[in-house]
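What the coordinates show
Single-letter residue listing:
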Amino acid sequence: MIRIALGQLEVIPGRPDLNSAAMLQMIQEARDQRADMIVFPEMAIPGYLLGDSWEQAAFLRDCEYYGQQIVAASDEITILFGNVAVDWTKQGDDGRVRKYNAFFAAQQGKLAGIDNFPYPFRIKTLHPNYREFDDSRHFFSSRKLAAELATTPDQLLQPINLTIGGKVLSVGCILCEDGWSDDYFTKPIDILSQNHSLDLLVNISSSPFTLGKNNKRNRVFSKQARDIAVPLIYVNNVGLQNNGKTVYTFDGCSSVYSPSGEIAAYCSPFTAQVQTVAVSLTTDFPHLTSPAITEDNTIDRLFEAINYGTKKFLQSIGMNRVVIGVSGGIDSAVAAALYTHVLGPENVLLVNMPSRYNSETTKGLAAKLAENLGCRYVVVPIQQSVELTLSQIASAPLLNPRTGEESTLTVTGFMAENIQARDRSSRVLAGLAAAFGGGFTCNANKCELTVGYSTLYGDQAGFLAALADLWKHQVYELAHYFNTTVYRQEVIPAQTITIVPSAELSFDQSVDEGKGDPLIYPYHDYLFRAFMEYWNRATPEDILLWYQAGVLEEKLGCAPHLVKQLFATPAAFIEDLERWWKLYTGLAVAKRIQAPPVLAVSRRAYGFDHREAQNSPYFTKRYQELKSELLRGDANV
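Residues numbered from 1 in each chain as written. Predicted model: local features only at pLDDT ≥ 70, side-chain atom pairs only at ≥ 80, totals over all residues. Heavy atoms only, no water.

**Some points on the domain arrangement of the chain**
One can read the domain layout of the chain as domain 1 (2–297), domain 2 (298–518) and domain 3 (520–636). Using C-alpha coordinates to define each centre, domain 1 is positioned 43 Å away from domain 2. Taken together, the contacts link 18 residues of domain 1 with 11 residues of domain 2. Carbon and sulfur atoms make up 65% of the surface buried where domain 1 meets domain 2, a total of about 1200 Å² over both sides. Where domain 1 touches domain 2, the interface holds two salt bridges. (Domains from an automatic or database assignment. Contact = heavy atoms within 4.5 Å. Buried area = accessible area lost by both parts, 1.4 Å probe. Salt bridge = Lys/Arg side-chain N within 4 Å of Asp/Glu carboxyl O.)

Structure (structure tokens):
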């Protein structure tokens, strides 16, 4: 029986000084809890998502220095932790100094593991390069090292032998992706367990939160512990990290699994903590009572992640006041409820900016929202300034200096809509944010971001898009949750939830007449999700195949029989499909590139998680054939 402390650390990216100081405090807590060993996450000292800061030699030297401080603290306790390891005598594939994503084990002020490995640490074998990950850009893997040394990964995958309580334990050292090897040829856990008699398996990770991910972790790690019949320790960090365009929360959820695969201990999500667990190396954990673990694919966890991520992001950039443009609609109402909960009503300014197209209904809902939340509220009409802009453009003479000919520009109704949106954000919100001493938010949802249903420098502007990884139906679900669970009263007016979604930029979008956005959210949410989130992403070819086979709703996950209700003919269905595909792969790409950072909660978020290029829309050969078949059949009806 050994006592193992889970050091679920809040890792601050790029701050090895702060992270090592927090680790030293946790080490003392573990000593106080009479732990024999404490385990910290992957890249606990430098952080993980650092962009190209990994190319700074001075930063790497600091990571080494602070790592040495942790090693020196291991005089009375064994410490396992993640850090970058640098071999200053060798180069990586980029010609810079070689770096490893490494697992360190320290005892009695020294590193262990040199007895059966080229270095006194272990290095990551599997380097993910999908989603937010870009490990192979910066780090040298054990697979590459094996090729360099003319050996195999099997030979390099060696446990670390640690002496605890007078007994030598063989510890399998796994770094995050090494435990997710189903799609890789090399499977580190299988290799370790087949070639060595292990006493303990330890997985140190830096694994971002995704809805439903922890349920999968538990299934995967429970099976691994059961298959090799040894305890498995999983330690993940909490906190917030980003790669510029996408911001990720880290939920921790560090766990201990018994040799029979049962969860013996579990750290609370999104909470830095030290939890010490008595770990038996046999198949039976004494007095094992599995802790209650909540489902993580629920609205509760969604709110927890959005709330935690928004709070941490504001702290990281030093912002404690925000300005929110509120229209009376659902997206801005949910954003207002979120930021008010994070910052308090005294630090949130709500702004309604009506033009002649805004109804008394939505203006009243915006005012009611501010009253319910207790936020300061201001109304700044934009009609006069918009008309000034329109008149200036229409009356400004365009002079051809070669011919002396003069002409003027014509502003269409569509252009006038965008002028309104830009006037609200670029002029009013930006000015008020400066005066209020904060920033202004982007309230876009994921459906809008997918097809660029927003205005550049207008409603797509802001310092953070906190809701932009939520489909419209999730925004509605979150609105109900704020009322029923967070505030426990109706802060978001009921009519805001039931009114038709509308930008109210023309009389054609009159909410009082039931007119609204061109997006049909109960369908387009799910169509766009297939384009963007599916692991094998759908294209119009797939959509037409499913439509032709009568299984489209089943494949998309939307309501049964919805497509026939919305589109009377294949021609109408195809017209809608092509309209949005052209926007998703066309103009919307340019808009997304210039959009604010997105707070990620889904299996794929916009930004670095969804790498895209500005290319023209494309329809495959098979799509064109299917389209012709469907339209011929339509014509023959």
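The rest of the description comes next.
**What about the UniProt feature "binding site: ATP" (unreviewed entry) in the chain?**
Mapped onto this structure's residue numbering, the UniProt feature "binding site: ATP" (unreviewed entry) falls at Gly-325, Val-326, Ser-327, Gly-328, Gly-329, Ile-330, Asp-331 and Ser-332. Structurally, Ile-330 is set in helix α9 (residues 330–343). Ile-330 gets classed as buried once you look at its relative accessible area, which sits at 4%. Apart from residues no more than four positions distant in its own chain, Ile-330 is found in contact with Lys-472, Val-475, Tyr-476, Ala-479, Thr-496 and Ile-497. Topologically, Ser-332 is positioned in helix α9. Classification of Ser-332 by relative accessible area gives buried; the value is 5%. Setting aside residues up to four positions removed in sequence, Ser-332 forms contacts with Ile-324, Gly-325, Val-326, Ser-327 and Asn-443. (UniProt positions renumbered as here; feature names shortened; annotations may be inferred. Helix = DSSP H or I, 4+ residues; strand = E, 2+ residues; numbered from the N terminus. Buried < 20%, exposed > 50% of the residue type's maximum accessible area, 1.4 Å probe, protein only.)

**Let's talk about helix α10 (residues 360–373)**
Counting along an α-helix, one turn takes 3.6 residues, and residues three or four places apart therefore face a common direction. Between its terminal C-alpha atoms α10 stretches 20 Å, which fits the 20 Å expected from 14 residues at 1.5 Å a residue. Regarding α10, the residues found buried are Thr-362, Leu-365, Ala-366, Leu-369, Ala-370 and Leu-373. For α10, the angular spread of buried residues about the axis comes to 135°, placing them on one side. Facing away from the buried side of α10, by more than 90 degrees, are the exposed residues Glu-360 and Glu-371. Against the buried residues of α10 lie α9, β17 (348–352), β18 (376–379) and α15 (494–498). (Expected span 1.5 Å × (residues − 1). Arc of directions from axis to C-beta.)

**Description of the environment of Pro-518**
When you line up the elements, Pro-518 lands in the loop between α15 and α16 (521–532). Accessibility expressed as a relative area gives 29% for Pro-518, which makes it partly exposed. Distance in space between the C-alpha atoms of Pro-518 and Tyr-453 is 9.2 Å, their sequence separation being 65 residues. Ignoring anything within four residues of it in the chain, the contact list for Pro-518 reads Tyr-453, His-524, Arg-579 and Trp-580.

**What about the pairing of strand β1 (residues 2–8)?**
Where burial is concerned, most of β1 is hidden: six out of the seven residues are buried. Bridging between β1 and strand β15 (residues 273–279) involves seven bridges; their strand directions are antiparallel. Residue pairing in the sheet places Ile-4 in a bridge with Val-277 of β15. Strand direction decides the pairing type here: β1 and strand β2 (residues 37–39), joined by three bridges, are parallel. Within β2, the residue paired with Ala-5 across the bridge is Ile-38. You can see the chain leave β1, run along helix α1 (residues 16–32) and come back into β2, and the turn it takes is right-handed. (Pairing = 2+ DSSP bridges. Right-handed = clockwise from strand over helix to strand, strands pointing away.)

**Quick look at the UniProt feature "active site" (unreviewed entry) in the chain**
UniProt records the feature "active site" (unreviewed entry) at Glu-42, Lys-124 and Cys-176, using the numbering of this structure. Taken along the chain, the residues just named run across 135 residues; in space they keep tight, none of their C-alpha pairs more than 9.9 Å apart. With residues near it in sequence (within four places) discarded, Glu-42 still touches Tyr-48, Gly-82, Asn-101, Lys-124, Leu-175, Cys-176, Ile-204, Ser-205 and Ser-206. Within the fold, Lys-124 resides in the loop between β6 (122–123) and α3 (135–138). If we skip the residues at most four places from it in the chain, Lys-124 touches Glu-42, Tyr-48, Asn-101, Asp-135, Ser-141, Ser-142, Leu-175, Cys-176, Glu-177 and Asp-178.

**Focus on the packing of helix α17 (residues 540–549) against helix α20 (residues 570–584)**
Running from N to C, α17 and α20 point in directions that differ by 160°, and their axes come no closer than 11 Å. The orientation of α17 relative to α20 falls into the category roughly antiparallel. For the pair α17 and α20, the sense of crossing is right-handed. The segment α17 lies against α20, with Pro-540, Ile-543, Leu-544 and Tyr-547 engaging Pro-570, Phe-573, Ile-574, Leu-577 and Trp-581. Broken down by class, the residue content of the contact of α17 with α20 amounts to nine nonpolar, no polar and no charged. (Axes fitted to C-alpha atoms, helices over the stretch in contact; angles between N-to-C directions. Parallel < 35°, antiparallel > 145°, perpendicular 65-115°, else oblique. Left-handed = near helix turned anticlockwise from the far one by under 90°. Nonpolar A, V, L, I, M, F, W, Y, C, P; charged D, E, K, R; others polar.)

**So, the sheet that holds strand β11 (residues 238–242)**
Taken in spatial order, the three strands of this open sheet run β11-β12-β22, and their pairing is mixed. Every other strand in the sheet has two partners, leaving β11 and β22 (598–600) as the edge strands with one partner each. Each strand of the sheet is rotated relative to its neighbour by a mean of 25°, with strand direction disregarded. The pairing of β11 with strand β12 (residues 246–251) spans five bridges and is classified as antiparallel. Residue pairing in the sheet places Gly-239 in a bridge with Phe-250 of β12.

**Some points on the sheet that holds β18**
Ordered in space as β18-β17-β16-β21, the four strands form an open sheet in which the pairing is parallel. Since the sheet does not close on itself, it has two edges, and those belong to β18 and β21 (439–440), each with one partner. Two elements, strand β16 (residues 322–325) and β21, share two bridges in a ladder whose sense is parallel. By the bridge assignment for β21, Val-322 is matched with Gly-439. Relative to the sheet, helix α12 (residues 413–436) contacts β16, β17, β18 and β21, its axis offset from that of β16 by approximately 155°.

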